[in-house]
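Structural characterization, general
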Amino acid sequence: MSPAADEPTPATQLYRHRPETVAVDRGSGPAVVFSHGTLMDRTMFEPQLEALAGDYRTVAYDHRARTEHAHEPYDLDDLVGDCRTLIDAKDIDSCVLAGMSMGGFMALRFALAHPEVLDGLVLIDSMATPHTEAERNEYGGLIDQARADGVSPDLTELVSHILFGETSVAERPALVEHWRNRWRSYPGEAVYHEVRSWLHRPGVEDRLSEIDVPTLVLHGEEDAAIDPDRAAPMVESLPDARMERVPAAGHSSNLENPEAANAAISEFLDDVY
């Protein structure tokens, strides 16, 4: 799907020539770049930017689904190209790349394609293996519904139990309702292409030995979308990886329990830099 390197897409041009419209850039020092998950946006990393910008240059950016190019088909390779284009546009020589869920799928592929600009990885509620056929059918049905009818209140209620842990649903209602309202504002077509960008991806589990940078695998203990046990083999296969489980948090663990997530990320960055 991706065009040749000398044929940049309009979306890639957005990351090259208008990076300020898709990214927030705070602090100075070694760079940490944050890549969000499906249905989320760069604001999901606000707790990390606030905690880390005193010691690091922190950049969080929006993927195509949250931009003017949301209605165009694309895949994870396109998102890898966008990330590299943004990093170059920001004059970042190297960074730790932190990706949540879809952002982690992209980050693993980025590490394989562009190891020369990578100091480390933080993989948040993500995995190296493909989704199962049952999951593909389930998610495929949901995005077909969103494409046809828009993002309904019933759909956002269902999704909130996928993207948030039960502790957050019960005890952090304002957080969950903020994102439910956000999701209802999305065009169904944008959601469709966002999920399609990764839904049928092949795994990269057979290539993890090539990713020889320090890696933190951060995973919510209540993750209903990707059980923590599905990420554990990734830790064993990566040459330099460790796993931290985030208590009282689900699939959006860095947002649901930022204190625990920030502590783990800060310790990891201290080791890398």
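Residues numbered from 1 in each chain as written. Predicted model: local features only at pLDDT ≥ 70, side-chain atom pairs only at ≥ 80, totals over all residues. Heavy atoms only, no water.

**Focus: the overall build of the protein**
Condition: We count a stretch as a helix when DSSP gives it H or I for four or more residues in a row; a strand needs E for two or more, and each element gets its number in order from the N terminus. All radius of gyration figures rest on C-alpha atoms, and the globule criterion is 2.2 Å times the number of residues raised to 0.38. Relative accessibility thresholds used throughout: buried, under 20% of the residue-type maximum; exposed, over 50%; partly exposed, between the two (1.4 Å probe, protein chains only). To measure how exposed things are, a 1.4 Å probe is used in the Shrake-Rupley method; for residues, cover is taken only from the protein chains shown. Note on charges: Lys and Arg go in the positive column, Asp and Glu in the negative column, and His and the chain ends are not counted at all. By convention, charge coordinates are those of NZ in Lys, CZ in Arg, CG in Asp, or CD in Glu.
The number of helices and strands found in the protein is twelve helices and seven strands. Over its C-alpha trace the protein gives a radius of gyration of 17 Å, about what one expects of a compact globule, namely 19 Å for 273 residues. Along the three orthogonal principal directions, the C-alpha set of the protein runs to about 45 × 45 × 35 Å. Within the protein, the proportion of its 273 residues that are buried is 57%. Approximately 10900 Å² of the protein is accessible, and the part contributed by carbon and sulfur atoms is 47%. Across the protein, the 22 positively charged side chains and the 50 negatively charged ones have centroids separated by 5 Å.

**Observations concerning the pattern of salt bridges**
To keep it simple, the criterion reads: Put simply, a salt bridge is a Lys or Arg side-chain nitrogen that is within 4 Å of an Asp or Glu carboxyl oxygen.
Here the structure, examined in full by the defined rule, presents 18 salt bridges. Linking D25 and K90 is a salt bridge whose minimum nitrogen-to-oxygen distance equals 3.6 Å. In this pair, D25 sits in strand β1 (residues 23-26) while K90 sits in the loop between α3 (76-89) and β4 (95-100), placing the two residues 65 residues apart along the sequence. The exposure class of D25 is partly exposed, given its relative accessible area of 31%.

**A look at unusual backbone geometry**
The backbone of S101 sits at a positive phi, close to 55°, despite the residue not being glycine. Among the structural elements, S101 can be located in the loop between β4 and α4 (102-113). Note on S101: relative accessible area 9%, which makes it buried. Of note in this structure, D125 is not a glycine but carries a positive phi near 50°. Checked against the element boundaries, D125 lands in the loop between β5 (118-124) and α5 (133-149). Residue D125 is classed as buried on the basis of its relative accessible area, which comes to 0%.

**Focus on the side chain of R180**
What counts, and what does not: Throughout, a contact is declared for two residues whenever any of their heavy atoms are within 4.5 Å.
You can see R180 is positioned in helix α8 (residues 173-184). Looking at R180, the relative accessible area reads 13%, which means it is buried. Setting aside residues up to four positions removed in sequence, R180 forms contacts with T156, E157, S160 and H161.

**Quick word on the packing of α5 against helix α6 (residues 153-163)**
Basically, it comes down to this: Note on geometry: axes are lines fitted to C-alpha atoms, helical ones only across the stretch in contact, with angles between N-to-C directions running from 0 to 180 degrees. The crossing is said to be left-handed when, going from far helix to near helix, the turn is anticlockwise and less than a right angle, and right-handed when the turn is clockwise. Amino acids outside the nonpolar list (Ala, Val, Leu, Ile, Met, Phe, Trp, Tyr, Cys, Pro) and the charged list (Asp, Glu, Lys, Arg) are all regarded as polar, and Gly is one of them.
Where α5 meets α6, the closest approach of the two axes is 12 Å, and the angle between their N-to-C directions is 145°. Where α5 crosses over α6, the handedness of that crossing is left-handed. Counting all contacts with α5, which are made through Y139, L142, Q145 and A146, the residues of α6 involved are L155, L158 and I162. Here the residues of the contact of α5 with α6 are counted per class, giving six nonpolar, one polar and no charged.

**Brief notes about the pairing of strand β7 (residues 241-246)**
The condition is simple: Following DSSP output, two strands are said to pair if at least two bridges run between them.
As paired strands, strand β6 (residues 215-220) and β7 are joined by six bridges and run parallel to one another. Across the sheet, T215 pairs through a bridge with A241, a residue of β7.

**Observations regarding the pairing of strand β2 (residues 31-35)**
The line we're drawing: A clockwise path from the first strand over the helix to the second, with the strands pointing away from the viewer, defines a right-handed crossover.
In terms of burial, β2 is largely enclosed, as five of its five residues are buried. Burial along β2 is two-sided: A31, V33 and S35 and V32 and F34, pointing in opposite directions, are all buried. Pairing of β2 with strand β3 (residues 57-61), which is carried by five bridges, proceeds in the parallel orientation. Bridging from a neighbouring strand, S35 pairs with Y61 of β3. Between the parallel elements β2 and β3, the chain passes through helix α2 (residues 46-52) in a crossover that is right-handed. As paired strands, β2 and β4 are joined by five bridges and run parallel to one another. Each residue of the ladder has a partner; that of F34, found in β4, is A98.

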